[in-house]
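Working through the structure, step by step
Chain by chain, the residues:
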Amino acid sequence: MKRIYNMKNILTILFISALLFTACDSNKEKKTKDGVSYTLLSSENGEAYEEGDYATYFLKMINSKDSVLIDSEEVGQMPLLIDSASMNPRGELFSVLRNLNVGDSIKTEISANEVYTKGFRQPLSPDMPADEVITIYVKALAKYDSAGIAGWQQEQMAAQQAKDQKDAEAQKPIDDKLIQAYLADNNLEAQKTESGLYYIIEEEGTGETPNPGDNVKVHYAGKLMDGTLFDTSMEEVAKANDKFREGNEYAPIEFPVGQGNVIPGWDEGLLLLKEGAKAKFIIPSGLAYGPRQRSAEIVANSILIFDVELVEVQ
């Protein structure tokens, strides 16, 4: 039977092959002061990290089934303050990270419990045994002082924002086609703003229209395009959709509108309504949570539909 590789597997193989090729004559078995074993694949004879330095690492983690668990190509570089007091309790992985010099590339194998529960302080997933061996490839990339890491973080944020904006532009026509199909399937007529927000005013309000910065109180029910309710401020809606949570306070939420406290589609849509209005917002992913997965229901690039009531403008 032929084994079929997806693009992610191919990139992983190429990355690992490149490391091994670079290190073919220089692999060295080493141990940290704590006795953690790792293989030094290559070294650039860089500086050692000292207490108080900030380090950045490329990290790739693979489970026993060759599935990639973490990849810096996707989630970004890993920054870390070199501080023995906080790193020592975090076990074997952080012992290895502390031991590297700038430019070192290594491979190590550590149990899932050590990596996640002790190292990253996260619970193991139900399908991952505590003793499963995780293969980890690391490259120590750079060394910074406090001012340097602040500049690095700003660069990373700017790069991520540029990527998000580019991805959002590419997603726009896809979302718009899906929304138009949704409107047609449900016999709805909506108005569209320049940003791509679709809205339907179902009941005109009689009060004031809010200005940016005004406090508003809003009742809402949020759904996916297939009708799945993921959140609501209304108890009767929660009960009707088997989403009622005992002890949850069901009441209008209150916030200053137009200030970035809610998703952009809300900020824009609510400024179009009068107090007392009821409306439906069909919000493309770029005006919601974009490529980020918000929850189990709200996956990457989710179009969201909100039934809202602008209860009060203060």
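Rules used throughout
- Sequence order as written defines the numbering, with residues in each chain counted from 1.
- In keeping with the predicted nature of the model, local features appear solely for residues at pLDDT of at least 70, side-chain atom pairs appear and are counted solely at 80 or more, and the whole-chain, interface and lining totals rest on all residues.
- Just so you know, side-chain values use all the structure's heavy atoms and leave hydrogens and water out.
- Comment: elements are numbered from the N terminus, with helices defined as DSSP H or I runs of at least four residues and strands as E runs of at least two.
- Each residue is placed in one exposure class: buried if its accessible area under a 1.4 Å probe, protein chains only, is under 20% of its type's maximum, exposed if it is over 50%, and partly exposed if it falls in between.
- A pairing counts as a salt bridge when a side-chain nitrogen of Lys or Arg comes within 4 Å of a carboxyl oxygen of Asp or Glu.
- In this description, a nonpolar core means a group of buried Ala, Val, Leu, Ile, Met, Phe, Trp, Tyr and Cys residues linked to one another through side-chain atoms lying within 4.5 Å.
- To obtain each axis, a line is fitted to C-alpha atoms, and for helices this fit is confined to the stretch in contact; angles are then taken between N-to-C directions over 0 to 180 degrees.
- Oblique is the label for any angle not covered by the other classes, which are roughly parallel (under 35 degrees), roughly antiparallel (over 145) and roughly perpendicular (65 to 115).
- By definition in these notes, contact holds between two residues if any of their heavy atoms fall within 4.5 Å.
- In this count, Pro and Cys sit with the nonpolar residues alongside Ala, Val, Leu, Ile, Met, Phe, Trp and Tyr, while Asp, Glu, Lys and Arg are called charged and the others, Gly among them, polar.
- Here, any two strands with at least 2 DSSP bridges between them count as paired.
- Confidence of the prediction at every residue is given by pLDDT, a number between 0 and 100.

Turning next to unusual backbone geometry. Unusually for a residue other than glycine, Asn45 sits at a positive phi of about 55 degrees. Mapped onto the secondary structure, Asn45 falls in the loop between β2 (37-42) and β3 (54-62). For Asp66, which is not glycine, the phi torsion reads 65 degrees and is therefore positive. Mapped onto the fold, Asp66 is located in the loop between β3 and β4 (68-71). Since its relative accessible area comes to 45%, Asp66 is described here as partly exposed.

This part takes up the pattern of salt bridges. A side chain of one charge can pair with a side chain of the opposite charge when the charged atoms of the two come close. In the structure shown here, the tally under the stated rule is 13 salt bridges. For Lys163, the salt bridge goes to Asp167, with nearest N and O atoms at 2.8 Å. Linking Lys163 with Asp167, this pair stays in helix α6 (residues 146-185), spanning four residues, or about one helical turn. Note on Lys163: relative accessible area 46%, which makes it partly exposed. Across the pair Lys280 and Asp307 runs a salt bridge, and its minimum N-O distance is 2.7 Å. Of the two residues, Lys280 sits in strand β13 (residues 278-283) while Asp307 sits in strand β14 (residues 304-313), which places them 27 residues apart along the sequence. Beyond isolated ion pairs, a larger network of salt bridges with shared partners links Glu47, Asp53 and Lys143.

Right, let's get into the nonpolar core. In this structure, Tyr57, Val115 and Ile136 are the most contacted members of the largest nonpolar core, which totals 29 residues. Those elements that place two or more of their residues in this core are β2, β3, β5 (78-81), α4 (92-99), β6 (105-111), α5 (112-120) and β7 (133-144).

For the pair α4 and α5, the least separation of the axes is 7 Å and the interaxial angle reads 80 degrees. Here α5 runs roughly perpendicular to α4, going by the angle between their axes. On the side of α4, the interface is formed by Glu92, Leu93 and Phe94, while α5 contributes Glu114, Val115, Gly119 and Phe120. Of the residues that constitute the contact of α4 with α5, the class distribution is four nonpolar, one polar and two charged.

Take the side chain of Asp71 next. Tracing the backbone shows Asp71 in strand β4. Judged by relative accessible area, which is 9%, Asp71 ranks as buried. Setting aside chain neighbours within four positions, we find Asp71 in contact with Phe58, Leu59, Lys60 and Gly76.

We now examine the pairing of strand β11 (residues 229-232). Sheet topology places strand β10 (residues 215-223) next to β11; three bridges connect them, and they run antiparallel. Bridging from a neighbouring strand, Gly222 pairs with Asp231 of β11. Here β10 hands over to β11 after five residues, with Gly227 in that stretch at a positive phi of 95 degrees.

So, on to the confidence of the model for the protein. Averaged over every residue, the pLDDT of the protein is 90; residues scoring 70 or more account for 92%. Low pLDDT, under 50, characterises residues 1-14; the predicted model gives this stretch nine contacts beyond four residues in sequence or across chains. Across residues 17-25, confidence stays below pLDDT 50; counting only partners more than four residues off in sequence or on other chains, it has seven contacts.

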